[in-house]
Amino acid sequence: MTKSIIVGTAGHIDHGKSTLIEALTGTHPDRLEEEKRRGITIDLGFAFLEEGGVRFGFVDVPGHEHFVKNMLAGTSGIDVVLLVVAADEAIKPQTREHFDICRLLGVKRGVIALTKTDLVEQDTAELVRLELEEFVKGSFLEGAPILPLSAKTGAGLAELRNALSTEAQKISGKQAQRYFRLPIDRSFAVKGFGTVVTGTLISGEVATGDEVELLPDKKLLRVRGLQTGGKSVERAPAGQRTAVNLAGIEHSALERGMVLAAPGRFLNTRRIDARLELLPGAPPLKHRARVHFHAGTAESIAEVLLHEKTELLPGESAFVQLRLANTAVAVRGDRFIVRQFSPVITMGGGEVLDPLARRPARKDNGRTEFLHTLERGSPEEILRAMVDRNILGTGIEEIVLRTGWMENEVRTVAQNLAKAGVIRVLNAEPLLLLPEAQFQEVAKKLVARLETFHKENPLLPGIPREELHAAAGRRVKSETFRAALEELAKQNKIVLQGELLKKPGSEITLTPEEARAKQQLEQAFAKTGLAVPAVKEVVAQLAVESQHAEKILQILLREKTLIRVSPELIFHRDALARLREMLQNYKKSKGPRIGVPTFKELTGITRKYAIPLLEYLDRQRLTRRMGDERVIL
Ligand SMILES: Nc1nc2c(ncn2[C@@H]2O[C@H](COP(=O)(O)OP(=O)(O)OP(=O)(O)O)[C@@H](O)[C@H]2O)c(=O)[nH]1
Ligand SMILES: [Mg+2]
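Residues numbered from 1 in each chain as written. Chains lettered and ligands numbered in written order. Predicted model: local features only at pLDDT ≥ 70, side-chain atom pairs only at ≥ 80, totals over all residues. Heavy atoms only, no water.

Q: Kindly report on the sheet that holds strand E33 (residues 623–626), identifying the contributing residues and their values.
A: Across the sheet, three strands lie side by side as E32-E34-E33; this open sheet has antiparallel pairing. With one partner strand each, in any of the chains shown, strand E32 (593–595) and E33 form the two edges of the open sheet. Ignoring strand direction, the axes of neighbouring strands in this sheet form an average angle of 35 degrees. Where helix H17 (residues 573–590) meets the sheet, it contacts E32, E33 and strand E34 (629–632), and its direction lies at approximately 90 degrees from that of E34. Strands in contact with helix H19 (residues 607–619) are E33 and E34; relative to E33, the strand with the most contacts, it is inclined by about 115 degrees. (Pairing = 2+ DSSP bridges. Helix = DSSP H or I, 4+ residues; strand = E, 2+ residues; numbered from the N terminus. Axes fitted to C-alpha atoms, helices over the stretch in contact; angles between N-to-C directions. Contact = heavy atoms within 4.5 Å.)

Quick look at the structure:
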């Protein structure tokens, strides 16, 4: 498979960026009429080149200080920077600013083109080269090739192509194993195709026919066609300039800053916890200062809340919370730039740590440590910290939205933590996690509550599930409750009996008086057979309080010694067994059909009782109604 990398230009206005792209690819990246008229680049331009098994996508940016905003949108997705410096002008303000931006955006590699050498003496070019070496010292560009060349004469272009190929070999490539995300940088209509958007595919992949989510609108759209490098393709992997033909939407409804994404996997956020680094030359940044925030191709006004101090000094970095005026799509690890509100200059930038940040609270003293973990921790440490901060339970969807990890990665990490005994998997699908300590606490509480229940209700066989859940507290989710019950059952600390929960071996203990009453009650029903007594009458004759008698009745019903046939009618189980026998004998001698009068005669019960009893038999599928008669089954 050919490798795809994105190369972005950077550098001061008029230093020859667009001319160099044309010399390399044959395509002049300036498209706008105004750009051609003024001879400057205003917005992003694109060109492609296949060379030495590598597919290069070039993003050409404007050097003009008024258009840094556009430059930022283009630079956010690049793998390699092509820093262009004119030999006749050397380092100028936007050389510095663009270089800072690349560094803050986390660009890892680059090549420096010392261009327009046809306009200067060789000594001058050599001096600028030395100056540049000094300039990039200690940065990601230290040791990067500095190539004297001329787009006019073509001198040095072959060396530049080689250098770019060498850099391409060293690039590990975009995050193919992540969910699809493409920040949109252009939207337009193509005759016969309809709406097309373009952008750098920064993670995952997309295929024709896929359903994608447009953010921030959360609209689902169908991919009708795809192009990469100017060619139609079925599937586009991460790391390519990609044009997406979308069905069901007008191009005017789409704009730079929006994102196409795997549905449900990315978050629109207004509150981001981040590491912010201020450039050495920037003015100090006060708590609650307003700035321009840029991430991906999007921008928003933001308020910066400093978590640890009242002022951030030039050259310093700190944990901050960014409160955005417009929502942005962000996950942990995304880079961003902040620019001063007015006058607009680049102040600094940093890395998103938590896109689902909590509102700052004085009592939240775990935040700093949490952010340190998010910044430096292993996946296990990060997931554990995330789970630890939510005693209600953390779901997989939230973990994916915050980290950008894929579900299978999250599951592997969660399994490792569960094996180590630090988190508890409450539910496997969808995955729900709880700190193990929290889980143990809930389990302990349930056992304690159950014990109290048995002590207070010696006559009841167990506590109804819902009652125990309610006693554990509102903060115990049903998944936690269920998992705790299962665990306790496994440890034989609790017995699940239908809807009732009890301690193992907790048989109902009756006082001798109660035991006698129970026996009396049972006998009263046994004696009368189908000519059932009124329950109240029997209870009245018992030598226990009516409240206890009611409980004893419940015990007999639960034991199924007594059976409730209708709200008013209770029979002894032996009486019902005899009735079944009676019906079967009747069937044998007289056939399966029996009318209500015959049934009354046979059983000796009144019509008032006969009807509910027959309905009970119907429900039990011992008889079936047919007109006025029953068929004995
Ligand atoms: N002599 C000479 N002229 C060059 C060379 N490269 C570019 N130029 C000229 O320099 C001018 C500016 O070049 P561009 O390529 O438009 O510069 P740019 O960096 O893209 O400018 P912006 O996009 O506006 O920032 C044009 O007139 C080019 O013809 C070169 O190697 N030698
Ligand atoms: Mg240009």
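Q: Can you break down the coordination of the magnesium ion (ligand 2) residue by residue, with the values?
A: Put simply, a metal with four donors set out as a tetrahedron has ideal angles of 109.5 degrees, and one with six donors set out as an octahedron has ideal angles of 90 or 180 degrees. The magnesium ion (ligand 2) binds to the protein through Ser18 (OG) and Thr41 (OG1), with metal-donor distances spanning 1.9 to 2.0 Å. Here the residue Ser18 occupies a position in helix H1 (residues 17–25), and Thr41 occupies one in the loop between helix H2 (33–38) and strand E2 (45–51), the gap between them amounting to 23 residues. Grouping residues by exposure puts Ser18 and Thr41 together as buried. (Donors = N, O, S within 2.8 Å, 3.2 Å for Na, K, Ca; no water. Buried < 20%, exposed > 50% of the residue type's maximum accessible area, 1.4 Å probe, protein only.)

Q: Kindly report on the site of ligand 1, identifying the contributing residues and their values.
A: Surveying the vicinity of ligand 1 reveals 20 residues, the closest of which are Lys17, Thr19, Thr41, Gly63 and Asp118. Separating an oxygen atom of ligand 1 from a side-chain N or O atom of Thr115 is a distance of 3.4 Å. In the complex, the protein chains occlude 85% of the 650 Å² of accessible area that ligand 1 would expose alone. The element that contributes the greatest number of residues to the shell around ligand 1 is H1, accounting for three residues. Of the residues contributing to the shell around ligand 1, the split by class is five nonpolar, 10 polar and five charged. (Near = heavy atom within 4 Å. Polar contact = N/O pair within 3.5 Å; in protein donor to acceptor, adjacent residues only side chain to side chain. Areas by Shrake-Rupley, 256 points an atom, 1.4 Å probe, with all protein chains shown as cover. Nonpolar A, V, L, I, M, F, W, Y, C, P; charged D, E, K, R; others polar.)

Q: Run through the pairing of strand E4 (residues 80–86), naming residues and quoting values.
A: The buried count for E4 comes to seven of seven residues, which makes it a mostly enclosed element. Side-chain alternation along E4 places Val80, Leu82, Val84 and Ala86 on one buried face and Val81, Leu83 and Val85 on a second face that is also buried. Note: strand E1 (residues 3–10) against E4, four bridges, orientation parallel. Residue pairing in the sheet places Ala10 in a bridge with Leu83 of E4. In this structure, E4 lies alongside strand E5 (residues 109–115), joined through seven bridges in parallel fashion. Bridge assignment links Val85 to a residue of E5, and that residue is Leu114. Crossover connection from E4 via helix H4 (residues 93–104) to parallel E5: handedness right-handed. (Right-handed = clockwise from strand over helix to strand, strands pointing away.)

Q: A description of empty space enclosed by the protein should follow, citing residues and the corresponding values.
A: Taken as a whole, this structure holds three cavities of 30 Å³ or more when the rule is applied. For the largest cavity, the calculated volume is near 60 Å³. Ala73, Ser76, Asp185, Thr200 and Thr297 are, among the 13 residues lining the largest cavity, the residues nearest its centre. Secondary structure elements with two or more residues in the lining of the largest cavity: helix H3 (68–75) and strand E7 (181–190). (1 Å grid on protein atoms, 1.4 Å probe; cavity = no way out; pocket = protein on both sides within 12 Å on 5 of 7 lines; lining within 4 Å. Points joined across faces, edges and corners; volume = space filled by probe spheres on them.)

Q: Can you break down the packing of helix H11 (residues 436–456) against helix H13 (residues 478–490) residue by residue, with the values?
A: Contact geometry of H11 with H13 gives a least axis separation of 10 Å together with a crossing angle of 70 degrees. The orientation of H11 relative to H13 falls into the category roughly perpendicular. Contacts between H11 and H13 involve Phe439, Val442, Ala443, Leu446 and Val447 from the former and Thr480, Phe481, Ala483, Ala484, Leu485, Glu487 and Leu488 from the latter. Looking at the contact of H11 with H13 residue by residue, the classes come out as 10 nonpolar, one polar and one charged. (Parallel < 35°, antiparallel > 145°, perpendicular 65-115°, else oblique.)

Q: Account for the sheet that holds strand E3 (residues 54–60), with residues named and values stated.
A: The six strands lie next to each other as E2-E3-E1-E4-E5-E6, forming an open sheet whose pairing is mixed. A single partner strand is all that each edge strand has here, and the edge strands are E2 and strand E6 (146–148). The mean inter-strand angle of the sheet, taken between neighbouring strand axes irrespective of direction, is 25 degrees. Of the strand pairs in this sheet, E2 and E3 are connected by seven bridges, and their pairing is antiparallel. The partner of Glu51 across the bridge, within E3, is Val54. Against the sheet, H1 contacts E1, E2, E3, E4 and E5, and its axis sits at roughly 155 degrees relative to E3. Taken strand by strand, helix H5 (residues 122–135) contacts E4, E5 and E6, and its axis lies near 155 degrees from that of E5.

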